[in-house]
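Okay, here's what each chain looks like letter by letter:
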Amino acid sequence: MDRRVSAYIIRFVPLLLLFILLALPLLLLLLQWLTGTDSTVLFSFIDRGTLWLIGRSLWLSFIVALLATCIGTACGFLLYKFNFPFNKFYRLALLLPLLISPYIFAVAWKDGLFWFFGNTAAVYSEAGVVMVHAFVYFPLAMLITGSALSQIHSGYEEAGLMVVSFRKMFVKIIFPLIRPALTTSFVLILIFSLSDFSVPAFFGVRTFTTEIFTQFSALYDLPMAIGQSVLLLLVCLLLMLTEHRYLSDAPFFSVSTKGSISKKYDVEKRQILWHGIFWLLLIVALLIPVSILIIQSLGGKTLFFSQAWELVWPAAVQSIKLATIGALLITALGLWTAYEKERRSHRLPNALLLLTFIVPSTVLGIALIRYYNFPVLNFIYGTAVILLIAYTAKFGFIASRITGNSIKQIPVSLGEAASVMGISSQKIFLKIHLPLMLPSLFTTFVLSFILCLGELGATVMVYPPGMELMPVKTFTISANAPQALTSSMTLINLGVTTVLLLLFFIIGKYVFKKYRYA
Amino acid sequence: MKYIFVSLILVFPACNPSAEEVTVYTSVDQIFSEPVLKDFERETGIKVKAVYDTEETKSTGVMNRLIAEKDNPQCDVFWSGDPIRNGVLQSKGITEPYQSEQTKQIPEYFKEPDNQWIGFSARARVLIYNKNLIAPDSLPESIFDFTRPRFKGKFAVANPLFGTTTFHMAAIFTALGDEKAKAWMNALKENGVVIAASNGDVKKRVMNGELAFGLTDTDDAFEAKKESDEVDYIFLDQQERGIGTLIMPNAVSLIKNAPHDENGKKLINYLLSRETEAKLAVSCAQMPLIKGTEIPGVPSLDNIKAMKIDYKQTSEKLEGIQPWLKAWIEE
């Protein structure tokens, strides 16, 4: 009886906490909107114009997702399935565009085009949005499909190659196996592109997200903005549920092969062509924007690097500390929710994280303010705890997916064998499952850390007065500061994140060596 | 465990409550507002906890935050780059009147009648131009010249739904009447006006040489001149019969039920001082409103023909024209 009670407590207390801390603020905001708004205007935003705008935004994001998934998958296929010199360098370097804010990317690209061609008219269009989003988000597809490709058991491919050509084996064996990963990356990129406001606003392209932003920021029409956000949320939810319902078994985002060694091919011909393609991609997606930032940072009448460093450094230290704690929390939450879903068929925690993941940042910020801004809760709202809650709400779902896919790869038989031996479930978790999940948990931590470090949308809404954080400071100082200072700050921001990423890779190498059995 | 505890202490500095503090939310660019707030902190010993935002990104953060925090305000003072945002907060019952010896120094014209907001250090709307693309003697002298065919596709204005451009358009609508103002804006569109993301974007495009000229604020133009020798700016509509240029003061408001009411008042008095106006004049060419605060190199309000507007009436006009402005952009 005691054991059953403790099992219930372990299962439901975290769920209750998750619900109270993250989901309830959003549900209360929704309730306030439904009950507080005049019923005649409640759904007035649903008209032909709105539906047309949603359709147009979806179409734009669809093109972005298609392009980014194609580029990312091609890179993932070449980098994860073939052996050739500098393979690991390309894998790391092609991830870096993910660390550049889409807005910075848009500005740098626009300036670059002007310098090269003396005209930027072409980029102030839907094509500009598609181009920037595709280059910013393709690394995500590369990571997802690359990881899925590296987990295909060599036996399948070898068996196929015995009877058919490589091309046919790819179409008949590899492609069906990575199809869930392709769809997952497609849907995630589509949602990221659909929710981004900064790039369409900069290029003057009207999308549904810019419309919501206008309602929030120009017209201060909160009921309308929330109503439109609910509509956006429903669209995203529909997309995610489709992916979840049919494709949730996608084996992506893992760094361990768990005993199934994927087949790798040697490149004998056309190595120069491959290097050429990767360098072209690196130039377009990374070197051009970074070079433009470097040129701009050196182009002022004075050098601003030391001033930029003085401005960014204190905020960077605070951000790194906060992102570390945030990433630890998110990793732990991701582990718990994924374990509940995959091993105990308890899907509710995961569903709650899905809800908070797809809510627009401004809506999340307003929900958190309304829910937590009470004198008795000042220990949350007035401190960095509110930021940790926002980070968890924004990125918990991604952590849960990464860890969930890792759990799926652990044979159930391992746990069953231990159970037959009379080993308790806690011990099975601690001694068998946890060590096997370590690489994935590490990946989750690193990714969550990077996401927390750069989060701006919700952070700017709820950060405690007086607190300095790197993305907020770079963003607020940038306005009206000399271009050279702004570019210097962005480069420092990028440099700090890259150094930390490298540091994590080195630590990861050491950890995986130590836990070789994992 | 020890390390986790130490990390938690390091991460949560905001947990230490202090009575000698003041919380200010500001949409004035941090590069200009932070030094002033640091000086206040140093001179008074009152810790300033600031939340920064920027007009460049439409002040979404602080404005929505102030509105959402209405029932339990965390902020004591709201410092905005123009009175429009303070007007929005006033209409939502978030600000409260404040009167002091310091507020009396500010001319009545630059204050809300009940002192719900008080103005200081003003900016003006100016025309910024690239000397390589247009000669000074070919420049438009009035905003109404923008519709001339020779300027077709050569100029920009920022998105009129946001920032000081909203204020400017509302002032033009108030001055001309709706019909004439709409006709002028439609003519702008026919003449190929480029709608930039923000005033900063206008500045940048003119500096880069993408466009010959554009409408922006004095602080942007001042920064552009510091950065590049190829740009300069002029005040428009300065002719005898011209409508004058729009003057936009900074505006400061005391928040209703502010947690540090007294310190908030001290900060407001500090912002309304001659010294603060002088600092802002030096850092970003903002024009002092207190008589006798002259700074070399900074335009004086006495020498500029200002547009005659009623700030309250302009704020009200703004609410009325926003749907039309939205449609104008989307067409």
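Residues numbered from 1 in each chain as written. Chains lettered and ligands numbered in written order. Predicted model: local features only at pLDDT ≥ 70, side-chain atom pairs only at ≥ 80, totals over all residues.

## Considerations on the overall build of chain A
Next up, step 1: Looking only at helices and strands, one finds 22 helices and 2 strands in chain A.
Next up, step 2: Dimensions of chain A, computed from the C-alpha atoms along their principal axes, are close to 65 × 65 × 50 Å.
Next up, step 3: By residue count, 48% of the 518 residues in chain A fall in the buried class.
Next up, step 4: A separation of at least 24 residues holds for 84% of the contacts in chain A among residues at least 6 apart in sequence. (Helix = DSSP H or I, 4+ residues; strand = E, 2+ residues; numbered from the N terminus. Buried ≥ 20, exposed ≤ 12 C-beta atoms within 10 Å, placed from the backbone. Contact = placed C-beta atoms within 7 Å.)

## Focus: the domain arrangement of chain B
All names here are of chain B.
Next up, step 1: Domain boundaries assigned for chain B yield domain 1 (22–122 + 249–299) and domain 2 (123–246 + 322–330).
Next up, step 2: Contact with domain 1, which involves 9 residues of that partner, is made by 12 residues of domain 2.
Next up, step 3: Grouping the constituent residues of the side of domain 1 that touches domain 2 by class yields 4 nonpolar, 1 polar and 4 charged. (Domains from an automatic or database assignment. Nonpolar A, V, L, I, M, F, W, Y, C, P; charged D, E, K, R; others polar.)

## Observations regarding the nonpolar core
Nonpolar side chains in soluble globular proteins generally cluster together in the buried interior.
Next up, step 1: Counting 244 residues, the largest nonpolar core has Ile 189, Leu 368 and Ala 390 of chain A together with Val 24, Val 77 and Ile 128 of chain B as its most contacted members.
Next up, step 2: It is helix α6 (residues 126–150) of chain A that contributes the most residues to this core, 16 residues altogether. (Core = buried A, V, L, I, M, F, W, Y, C linked by C-beta atoms within 7 Å.)

## What to know about the interface of chain B and chain A
The extent of an interface is frequently quoted as the accessible surface area lost upon association of the parts.
Next up, step 1: Listed by partner, the interface residues are 44 residues for chain B and 41 residues for chain A.
Next up, step 2: For the side of chain B that touches chain A, the secondary-structure elements that each account for two or more residues are α1 (2–11), α2 (30–44), β2 (47–52), α3 (60–68), α8 (199–208), α9 (218–227) and α12 (311–330) of chain B.
Next up, step 3: Among the elements that make up the side of chain B that touches chain A, the one with the highest residue count is α3 of chain B (7 residues).
Next up, step 4: A class-by-class count of the residues in the side of chain B that touches chain A yields 17 nonpolar, 12 polar and 15 charged.

## Observations concerning the packing of helix α15 (residues 361–372) of chain A against helix α17 (residues 385–408) of chain A
Residues and elements named next belong to chain A.
Next up, step 1: Packing of α15 against α17 brings their axes to within 11 Å, and their N-to-C directions diverge by 135°. The angle between the axes of α15 and α17 places the two elements in the oblique class. Like other packed secondary-structure pairs, α15 and α17 cross with a definite hand, here right-handed. Across from Leu 364, Leu 368 and Tyr 372 in α15, the residues of α17 making contact are Ile 386, Ile 389, Ala 390 and Ala 393.
Next up, step 2: For the contact of α15 with α17, the class distribution of residues is 7 nonpolar, no polar and no charged. (Axes fitted to C-alpha atoms, helices over the stretch in contact; angles between N-to-C directions. Parallel < 35°, antiparallel > 145°, perpendicular 65-115°, else oblique. Left-handed = near helix turned anticlockwise from the far one by under 90°.)

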